[in-house]
Amino acid sequence: MVYSLTYRRPPYVDSARASVLGDEKTKSIGEASIDSQASGGSGGMSFGIPDALSFDRIITGGTCPPCTARDFMNYLVYIEHSAENLQFYLWYRDYLKRFNELPSNERALAPEWSAEQAEIDAQANQGTPGPKQQISAETAAVFKGTDFAPPTASVVEVKGNPFNTPPRTPNGGEYRESVAPSERAWSENCSTLNSNTNRSFQTKTAGAFQGADLKWQPFTIQPFREEISRIIAIYIADGAPRQLNLSAKERMTLLHALANTTHPTAFRVVVHTVEWSLRHQAHPNFIRWTICNGNAPRVVFARGLGVAGILGGIICAILITLSNAGRGWRVLSAIGFMIGVATLIAAWKGMCVVLHGMHHRHLRPWELFAEDDDESSWDMGKGSFDTVGSANSYEDEPWVAKYEKRNIIRKVFDREVWIQEPALRQIQDTIFVQALGGALIITAISVGIFCAFPKGNYY
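Residues numbered from 1 in each chain as written. Predicted model: local features only at pLDDT ≥ 70, side-chain atom pairs only at ≥ 80, totals over all residues. Heavy atoms only, no water.

Novice: Honestly, a nonpolar patch on the surface in this entry has me stumped. Any pointers?
Specialist: Judged by side-chain polarity, Val307, Leu311, Ile315, Ile318, Leu319, Leu322, Tyr458 and Tyr459 come together as a nonpolar surface patch covering roughly 800 Å² of accessible area. Note that Ile318 resides in helix α14 (residues 296-322). In this structure Ile318 comes out as partly exposed when scored by relative accessible area, which is 36%. (Patch = residues over 30% accessible without salt bridge, like charges linked within 9 Å, V, L, I, M, F, W, Y side chains within 5 Å. Areas by Shrake-Rupley, 256 points an atom, 1.4 Å probe, with all protein chains shown as cover. Salt bridge = Lys/Arg side-chain N within 4 Å of Asp/Glu carboxyl O. Helix = DSSP H or I, 4+ residues; strand = E, 2+ residues; numbered from the N terminus. Buried < 20%, exposed > 50% of the residue type's maximum accessible area, 1.4 Å probe, protein only.)

Novice: Would you take a moment to explain the environment of Arg425 for this structure?
Specialist: Following the sequence through the fold, Arg425 ends up in helix α20 (residues 422-452). The exposure class assigned to Arg425 is buried, which follows from its relative accessible area of 17%. Measuring from C-alpha to C-alpha, the distance between Arg425 and His356 comes to 8.6 Å, with 69 residues separating the pair along the chain. In contact with Arg425, not counting residues within four places along its chain, are His359, Trp418, Ile419 and Gln420. (Contact = heavy atoms within 4.5 Å.)

Novice: What's the story with the UniProt feature "transmembrane region" (unreviewed entry) in the chain in this structure? I'm lost.
Specialist: The UniProt record annotates "transmembrane region" (unreviewed entry) at residues 300-322, 329-348 and 431-453. For residues 329-348, helix accounts for 80% and strand for 0%, while the C-alpha atoms at its two ends are 31 Å apart. Annotated as residues 431-453, this span is 96% helix and 0% strand, and its ends, taken at the C-alpha atoms, are 34 Å apart. (UniProt positions renumbered as here; feature names shortened; annotations may be inferred.)

Novice: Hey, could you run me through the pattern of salt bridges in this one?
Specialist: Counted by the stated rule, this structure contains 8 salt bridges. Two residues, Arg98 and Glu227, come together in a salt bridge whose shortest N-O distance is 2.7 Å. Of this pair, Arg98 sits in helix α4 (residues 83-100) while Glu227 sits in helix α11 (residues 225-236), and the two are 129 residues apart along the sequence. Glu227 carries the same exposure label as Arg98, and that label is buried. Several salt bridges converge on common partners, so that one network encompasses Asp56, Glu275 and Arg279.

Novice: Which parts of the structure should I look at to understand the environment of Trp276?
Specialist: When you line up the elements, Trp276 lands in helix α13 (residues 268-291). Along the sequence, Trp276 and Asn85 sit 191 residues apart, while their C-alpha atoms lie 9.9 Å from each other.

Novice: Sorry, what's going on with unusual backbone geometry here?
Specialist: As a rule of thumb, non-glycine residues mostly have phi less than zero, and peptide bonds are mostly trans rather than cis. Note the cis peptide between Pro65 and Pro66, where omega equals 5 degrees. A positive phi angle is found at Phe224, which is not glycine, with a value near 65 degrees. Mapped onto the elements, Phe224 comes out in the loop between α10 (195-211) and α11. The buried category is assigned to Phe224, whose relative accessible area is 9%. Phi at His359 is positive, roughly 55 degrees, even though this residue is not glycine. Residue position: His359 is located in the loop between α16 (353-357) and β5 (360-362).

Novice: Looking at this structure, I do not really get the side chain of Arg242. What am I missing?
Specialist: By the element assignment, Arg242 lies in the loop between α11 and α12 (248-260). Judged by relative accessible area, which is 3%, Arg242 ranks as buried. Side chain to side chain, Arg242 and Gln87 meet in a polar contact 3.4 Å long. Ignoring any residue separated from it by four or fewer positions in sequence, one finds Arg242 in contact with Glu84, Gln87, Ile234, Tyr235, Ser384, Asp386, Thr387, Gly389, Ser390, Ala391 and Asn392. (Polar contact = N/O pair within 3.5 Å; in protein donor to acceptor, adjacent residues only side chain to side chain.)

Novice: It is not clear to me how helix α18 (residues 398-405) should be interpreted in this structure. Could you clarify?
Specialist: Within an α-helix, residues lying three or four positions from one another point in the same direction, as the helix has 3.6 residues per turn. Trp399, Val400 and Tyr403 are the residues of α18 that are buried. One side of α18 holds all its buried residues, which, seen down the axis, span an arc of 105 degrees. Set apart from the buried face of α18 by more than 90 degrees, the exposed residues are Pro398 and Lys405. If you follow the buried residues of α18, they end up packed against α3 (69-80), α17 (365-368) and α19 (408-412). (Arc of directions from axis to C-beta.)

Novice: How should I be thinking about the packing of α4 against α11 in this particular structure?
Specialist: In a packed pair of helices, the relevant descriptors are the angle between the two axes and the axis-to-axis distance. Packing of α4 against α11 brings their axes to within 12 Å, and their N-to-C directions diverge by 170 degrees. Relative to α11, the element α4 lies roughly antiparallel. Here Glu84, Gln87, Phe88, Trp91, Tyr95 and Arg98 of α4 come into contact with α11, specifically with Glu227, Ile228, Ile231 and Tyr235. Here the residues of the contact of α4 with α11 are counted per class, giving 6 nonpolar, 1 polar and 3 charged. (Axes fitted to C-alpha atoms, helices over the stretch in contact; angles between N-to-C directions. Parallel < 35°, antiparallel > 145°, perpendicular 65-115°, else oblique. Nonpolar A, V, L, I, M, F, W, Y, C, P; charged D, E, K, R; others polar.)

Novice: Just to check I follow, could you spell out α3 for this structure?
Specialist: Of all 12 residues in α3, 11 are buried, a share of seventy percent or more. Taken together, the buried positions of α3 are Ala69, Arg70, Asp71, Phe72, Met73, Asn74, Tyr75, Leu76, Val77, Tyr78 and Glu80. For α3, the secondary structure elements touched by its buried residues are α2 (55-59), α4, α13, α17 and α18. Following α3 by one or two positions, His81 has its phi on the positive side, about 60 degrees.

As structure tokens, this is what we get:
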């Protein structure tokens, strides 16, 4: 089964084409989510991407290799070099889930950050008095007479006991047994950080707030404040190991929001920017890249075979035309034309017809030397899924030097693996049929031209 013969693979999207206004980002993201839910994988198509390979399906684990979330992350790390977007997006999804599971009295400590508050806060930064952070009367009583005492106008009534232990990410056997692995990621990551790393995070976070002319208070009763501080040091601060590509205005707006609350709505603008980049740039480019079933040397080799086949067809047609053989014999040149043109068209789209005949693909360089056979691991605390990991640098990974030492012949005939994702095989089948159709047309025209010439009778 194939898609429409007019199918076109997703076009390459660069960063300039993926830059639009904030309102358009929000609208487009919402429409993409609605379309994905409405289609439900029923066979629809959007910009050359079937619903079975939609962004939401990949992120939620509804696809098979080589189109899994792990493969998407590897692409962003090794090819597009923008893995921080997906890492931050996955952390935010997990953080939103954990925040919504808090008791209501604890969620009340971190008020929602609305768009109106952001505008008022921006005016305050320009000299116009803005809203002050609101805390409960019980909390104000504790800080009375200290440097942290709030003004009277900022004290509001908060239901529930605000002095319940703030929800720190659990770290114990009971928690590990009761939640999913993705929810344990933050706890496991934090437990591996030593005191020097903690101090480094605090220094970076303080520097980020100082650069935004804000006073950073590491002590707070708001939930997940320590985690938010680490996220700022890793993704938001200037010079952060996984610094997001944010404008100065977006970064300033986010820091002002996080100075007031740890509510997930504080990340609203940044999440829209990150999600837009993932949906409309990284995801189409990933699908386009995944369609290619061979590595670069194999594709070049396939193009060479295509050109050789075409040249063979031309030589065959010329030799028969110059002989005293009848015109019917010139049809034999169609074999070379057909094979050569079909191979060349498929290779031009990154496919090797030999690999496609078996529905195989080459292993990626980082897969060839992988020590762990579980390629589809979905543990956020492992490798590039580590939320609080270091910079996404791979130059020192062992496979880089090993792959560079492989000669060109070994690269052309690298190890292969079967393509498990049905939707990807269907796309490749469609491209192969298109290549055959194009080859048939070109072959008919070429053979017809040679058949029109009279016999040469030279031998």
